[in-house]
Amino acid sequence: MENIEKKPIVKFKVITIFPDFFKPMLEYGVFSRAYKKGLISFETIDLRDFTNDNYKSVDDEPYGGGSGMVFKPVPLGKAIKKAKSKKETKVVYLTPSGRVFNSDIAKELAKEEELVFICGRYEGIDQRIVDLYVDYEVSIGDYVISGGEPAAMVVIDAIARHVEGVVKEMESVVKDSFYDGLLDYPHYTRPETYNGRKVPEVLLSGDHKRIELWREKMKLVETLTKRPDLLEKAKLTQTQKKLLTEIKEQLRKLT
Ligand code: SAM
């Protein structure tokens, strides 16, 4: 649990042209509960409030020609300055060109007191905004979606889970996939038999030591079979290394 951030409040501020996009986040589930309890703060900043023409236009044609529109730097620059309550506040731009988001970045960002997110639309934002104000360029994966809002939701939710109290039981965050570099073990609930398939016997045994060992082993099996790339980076304990050797040996015998 040593990596869980102790600060009670992280302020999330999101610059967007669609503030209503985020309303469901504040109404449902874990994030909403934490928001209502004041464990995190969340605010949208409407980019259009920083325009000064009758049409409240936030975008313009790209220099050099070509298709699509680009967010203009002037309103966006003003919005960022308004959003940052301190010079040190980190600014995150959601973009396909960014570092692919993961649990380590979530843990790192959960240490901040305030984070400003920029949701792009169209072809994206003027590069000078990135050069001048952005601290983190973050992508949610190697594909393109139509706007930064769904990406911001994903990233903000994942960061919030690392803030103490947001998830009721911190133990479940620590045991989640990726926290220790491995995938989660499989979960089962009632009934004991479903469509002819029984819950693994060990889970009914009441023997907590055996159950722990089974879960540890299954995390390795899941990771080895579904995401072997993670094992190259994971910092395995001696027990995990030993278990992994056994698992590989068993799999080798089966093939
Ligand atoms: N022209 C951009 C490109 O090819 O990289 C794509 C722009 S996309 C249509 C519009 C906005 O959606 C981006 O500015 C960004 O904020 C957001 N976006 C799209 N895909 C994303 C991804 N994989 N991760 C994070 N944000 C993304």
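From a predicted model like this one, the values you see are computed outputs, not experimental measurements. (Residues numbered from 1 in each chain as written. Predicted model: local features only at pLDDT ≥ 70, side-chain atom pairs only at ≥ 80, totals over all residues. Heavy atoms only, no water.)

1. Concerning the overall build of the chain
- Along the backbone of the chain there are 9 helices and 9 strands.
- Taking the intrachain contacts of the chain between residues at least 6 apart in sequence as the baseline, contacts between residues at least 24 apart amount to 75%.
- A distance of 4 Å separates the average location of the 43 positive side-chain charges in the chain from that of its 41 negative side-chain charges. (Helix = DSSP H or I, 4+ residues; strand = E, 2+ residues; numbered from the N terminus. Contact = heavy atoms within 4.5 Å. Lys, Arg positive; Asp, Glu negative; His and termini not counted. Charge placed at Lys NZ, Arg CZ, Asp CG, Glu CD.)

2. Observations regarding the nonpolar core
- By size, the foremost hydrophobic cluster in this structure holds 31 residues, and its most contacted members are Phe12, Phe31, Phe42, Phe117, Ile156 and Ile159.
- Taken together, the elements giving at least two residues each to this core come down to strand E1 (11-16), helix H1 (29-36), strand E5 (90-100), helix H3 (103-109), strand E6 (114-119), strand E7 (136-139) and helix H5 (148-160).
- Sort the elements by how many residues they give to this core and H5 lands first, with 6 residues.
- Among the nonpolar cores identified, the runner-up in size contains 19 residues, and Val58, Val91, Ile125 and Val134 belong to it. (Core = buried A, V, L, I, M, F, W, Y, C linked by side-chain atoms within 4.5 Å. Buried < 20%, exposed > 50% of the residue type's maximum accessible area, 1.4 Å probe, protein only.)

3. Quick word on the pattern of salt bridges
- Using the criterion set out here, one finds 13 salt bridges in the structure.
- Here Arg161 makes a salt bridge to Asp176, at a shortest N to O gap of 2.7 Å. Residue Arg161 is found in the loop between H5 and helix H6 (170-175), and its partner Asp176 is found in the loop between H6 and strand E8 (193-194); the two are separated by 15 residues along the sequence.
- Linking Glu171 and Lys175 is a salt bridge whose minimum nitrogen-to-oxygen distance equals 3.0 Å. Note that Glu171 and Lys175 are positioned in helix H6 at a spacing of 4 residues, about one turn of the helix.
- Under the relative-accessibility criterion, Glu171 is labelled partly exposed at 41%. (Salt bridge = Lys/Arg side-chain N within 4 Å of Asp/Glu carboxyl O.)

4. Quick notes on the layout of surface pockets
- There is about 770 Å³ of room inside the largest pocket.
- Along the walls of the largest pocket sit 22 residues, with Asn102, Ser103, Asp104, Phe178 and Tyr179 positioned nearest its centre.
- Those elements that provide at least two residues to the lining of the largest pocket are H3 and helix H8 (228-233).
- At 4 residues, H3 tops the list of elements feeding residues into the lining of the largest pocket.
- Classifying every residue of the lining of the largest pocket gives 8 nonpolar, 5 polar and 9 charged.
- Split by domain, the lining of the largest pocket shows at least three residues from each of two domains, domain 1 (10-170) and domain 2 (181-254).
- Size it by volume and the second largest pocket reaches roughly 320 Å³.
- As for the second largest pocket, its lining consists of 21 residues, and the residues nearest its centre are Leu94, Thr95, Pro96, Val144 and Ile145.
- Mapped by element, the contributors of at least two residues to the lining of the second largest pocket are E5, E7 and H5.
- The element that contributes the greatest number of residues to the lining of the second largest pocket is E5, accounting for 5 residues. (1 Å grid on protein atoms, 1.4 Å probe; cavity = no way out; pocket = protein on both sides within 12 Å on 5 of 7 lines; lining within 4 Å. Points joined across faces, edges and corners; volume = space filled by probe spheres on them. Nonpolar A, V, L, I, M, F, W, Y, C, P; charged D, E, K, R; others polar. Domains from an automatic or database assignment.)

5. A word on the packing of helix H7 (residues 208-226) against helix H9 (residues 238-254)
- With their axes 10 Å apart at the nearest point, H7 and H9 run at an angle of 60° to one another. The angle between H7 and H9 falls in the class oblique. Read as a crossing pair, H7 and H9 show a hand that is right-handed. Here H7 contributes Leu213, Glu216, Lys217, Leu220, Val221 and Leu224 to the contact with H9, which in turn contributes Gln240, Leu243, Leu244, Ile247, Lys248, Gln250 and Leu251. (Axes fitted to C-alpha atoms, helices over the stretch in contact; angles between N-to-C directions. Parallel < 35°, antiparallel > 145°, perpendicular 65-115°, else oblique. Left-handed = near helix turned anticlockwise from the far one by under 90°.)

6. Structural notes on the sheet that holds E6
- One open sheet holds the 5 strands; their spatial order is E2-E1-E6-E5-E7, and the pairing between them is parallel. In the strand order of this sheet, the two ends are held by strand E2 (41-46) and E7, each with one partner. For this sheet the average axis-to-axis angle between neighbouring strands, irrespective of direction, equals 30°. (Pairing = 2+ DSSP bridges.)

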